[in-house]
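Chains, contacts and geometry: an overview
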Amino acid sequence: MADTTGRGTSRRAFLKAGVAAGGAAFGAGTARAAGPDPLITQVQPWASGFGDGVDATPYGLPIRFEGDVIRRNVEWLTADTISSINFTPIHALDGTITPAGCAFERHHSGAIELAREDYRLMVNGVERPTVFTYADLERFPRENHTYFLECAANTGMEWAGAQLNGAQFTHGMIHNMEYSGIPLRAVLKEAGWDGDPAGKWVYAEGADASSNGRSIPMEKALDDCLIAIRANGEALRKEHGYPARLVVPGWEGNLWVKWIRRIEVMDGPVESREETSKYTDTLADGMSRKWTWVMDAKSVVTSPSPQAPVTHGHGPLVITGMAWSGHGRITRVDVSKDGGRSWETARLAADPGNKAVVRFYLDTVWAGEEMFLQSRAMDETGYVQPTKAQLREVRGLNSVYHNNGIQTWWIKPTGEAENVEVS
Ligand SMILES: Nc1nc2c(c(=O)[nH]1)N[C@H]1C(S)=C(S)[C@@H](COP(=O)(O)O)O[C@H]1N2
Ligand SMILES: [Mo]
């Protein structure tokens, strides 16, 4: 599956030679061969015959040279793959939309196969308790929104110190997709709920064995939650909750109930497993934070990073990464090359979306100096992403969830990168 060498050795060797020869000026990418370059001067096999017909690939996968851009897991985290997690290869992606095929998965009892015909959504605790079919859902007016989903445990292994060597592993429990869905408020209204939201909650449950039940304050349910039936234009993938999942913008991934089967309006929260013994943060004094729903502003440099070292030699270097905030829009991302002593403001690639990932770039020149690369996100509430030290001061060291501290990659003169912490 992982085809890392598929690029063809001749081209590889050629690029290397080019780097060695052309270290100065616009060194990167402008590989100059000593003699005529056969890739330019000679007719290549791919130009001497036909390519595949349009019937070869009814539904496409990335070309085999990209076979390394895949979800991965961390062995010591994944003793059991049924109640488990894998990670998005964010170090190898660009832009903001996560392709569904490599968007991370988190299951408590495995990914189930639920056909549209067998799908039911029950809404109870309302004036007219109702069971909706999938066809019923398709007849509601729907909306399109792009949102990030971040598992609260993202970066959770880094609380005690730098652990996992790769942005995929430290920050890959995130994806960002465009959802087509029905506002939850419309479904509640159809079932006759039209009351005062004060003090009211909904309890959302999935159809899988774990059910992953979570309580959500009614204000949030009525605000921007969706029952999503599509992601990135196509049906949800099985592993992301086909045929329908709950979208809870800006809030921790655990609330985004997949295979959503029941929504009950209640007078209080259920205090389920997923909101008491899990997804709470125990502080130094033994008290726990709970209802920590919103994912605070966070960012990470995705390249260069340990799995994406600098391989093109000195000269122009594109530093890039992603930033997001559960409180709304990202307003600014700064990048530091010296472990946070000085900062440069990065360029945002597009207008930041509400509760969505934004891509940032710092177009720079690298002469092979050691760097301690960091990124720092700010959002429209004025919040600034904290350092890990600042976070630990407030939260202590018992936490697993909600680690949004600033990440450092040590870029060595060789171009290799390593996960480190600076103080
Ligand atoms: N029904 C159900 N919903 C679920 C889960 C689950 O195990 N079952 N896992 C939750 C958790 S912890 C996360 S982080 C997200 C992960 O969504 P994804 O698999 O689409 O990445 O789904 C949430 N919804
Ligand atoms: Mo999660």
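Conventions adopted
- Residues numbered from 1 in each chain as written.
- Chains lettered and ligands numbered in written order.
- Predicted model: local features only at pLDDT ≥ 70, side-chain atom pairs only at ≥ 80, totals over all residues.
- Heavy atoms only, no water.
- Pairing = 2+ DSSP bridges.
- Helix = DSSP H or I, 4+ residues; strand = E, 2+ residues; numbered from the N terminus.
- Axes fitted to C-alpha atoms, helices over the stretch in contact; angles between N-to-C directions.
- Near = heavy atom within 4 Å.
- Polar contact = N/O pair within 3.5 Å; in protein donor to acceptor, adjacent residues only side chain to side chain.
- Areas by Shrake-Rupley, 256 points an atom, 1.4 Å probe, with all protein chains shown as cover.
- Nonpolar A, V, L, I, M, F, W, Y, C, P; charged D, E, K, R; others polar.
- Salt bridge = Lys/Arg side-chain N within 4 Å of Asp/Glu carboxyl O.
- Phe/Tyr/Trp six-rings, centres within 6.5 Å; stacked < 30°, edge-to-face > 60°.
- Buried < 20%, exposed > 50% of the residue type's maximum accessible area, 1.4 Å probe, protein only.
- Core = buried A, V, L, I, M, F, W, Y, C linked by side-chain atoms within 4.5 Å.
- pLDDT = per-residue confidence, 0-100.
- Contact = heavy atoms within 4.5 Å.

1. A few points about the sheet that holds strand S4 (residues 130-133)
With respect to topology, five strands assemble into an open sheet ordered S4-S3-S12-S7-S8, the strand pairing being mixed. In this open sheet, the two edge strands, each paired with only one partner strand, are S4 and strand S8 (214-217). Sheet twist, expressed as the mean angle between neighbouring strand axes with direction ignored, is 20°. Relative to S4, strand S3 (residues 120-124) is paired through four bridges, and the arrangement is antiparallel. The partner of Met 122 across the bridge, within S4, is Val 131.

2. A few points about the site of ligand 1
Lining the immediate surroundings of ligand 1 are 22 residues, of which Phe 104, His 108, Asp 208, Arg 245 and Lys 258 lie closest. Between ligand 1 and Arg 106, the relevant distance is 3.0 Å, taken from an oxygen atom to a main-chain nitrogen or oxygen of the residue. Interatomic distance of 2.5 Å between a side-chain N/O atom of Lys 258 and an oxygen atom of ligand 1. Considering ligand 1 on its own, with 530 Å² of exposed area, one finds that the protein chains cover 100% of that surface. Grouping the constituent residues of the shell around ligand 1 by class yields seven nonpolar, nine polar and six charged.

3. A look at the sheet that holds strand S22 (residues 408-411)
Read from one edge to the other, the open sheet built from five strands follows the order S18-S17-S21-S22-S23, with strand pairing classed as antiparallel. One side of each edge strand has no neighbouring strand; the edge strands of this open sheet are strand S18 (344-345) and strand S23 (417-420). Examined bridge by bridge, strand S17 (residues 330-336) and S18 share two bridges and lie antiparallel to one another. Bridged to Asp 334 within S18 is Thr 345.

4. As for the pattern of salt bridges
In this structure the tally under the stated criterion is 25 salt bridges. Here Glu 205 makes a salt bridge to Arg 261, at a shortest N to O gap of 3.2 Å. Highlighted residues: Glu 205 in strand S7 (residues 201-206) and Arg 261 in strand S12 (residues 260-266), separated in sequence by 56 residues. Salt bridges here are not isolated pairs; linked through shared partners, they connect Glu 205, Arg 261, Arg 262 and Glu 264.

5. A closer look at the packing of aromatic side chains
Aromatic rings considered in pairs are described by the distance between their centres and by the relative angle of their planes. A complete count under the given rule lists ten aromatic pairs for this structure. With centroids separated by 4.8 Å and ring planes inclined at 5°, the aromatic side chains of Trp 251 and Trp 293 adopt a geometry described as stacked. Of this pair, Trp 251 sits in the loop between strand S11 (245-247) and S12 while Trp 293 is found in the loop between strand S14 (288-289) and strand S15 (298-303), placing the two residues 42 residues apart along the sequence. The exposure classification of Trp 251 matches that of Trp 293, with both residues buried.

6. Remarks on the nonpolar core
With 59 residues, the main nonpolar core has Leu 121, Leu 137, Tyr 179, Leu 188, Ile 227, Leu 246 and Ile 260 as its most contacted residues. The greatest single-element share of this core, amounting to five residues, is contributed by strand S9 (residues 226-231). By size, the runner-up hydrophobic cluster in this structure holds 29 residues, among which are Ala 167, Ala 297, Ala 377 and Trp 409.

7. Considerations on the confidence of the model for the protein chain
Residues with a pLDDT of 70 or more make up 92% of the protein chain, whose mean pLDDT is 92. Element-level pLDDT for the protein chain is lowest in helix H1 (residues 9-21), with a mean of 35, against a maximum mean of 99 in S11. Within the model, the stretch residues 1-29 combines pLDDT values under 50 with 35 contacts to residues more than four positions away or in other chains.

8. Quick notes on the pairing of strand S16 (residues 315-324)
The element S16 is largely enclosed, with a buried count of eight among its ten residues. Sheet topology note: the S15/S16 ladder contains five bridges and is antiparallel. The partner of Val 300 across the bridge, within S16, is Met 322. Note: S16 against strand S20 (residues 358-366), nine bridges, orientation antiparallel. Paired with Ile 319 across the bridge in S20 is Leu 362.

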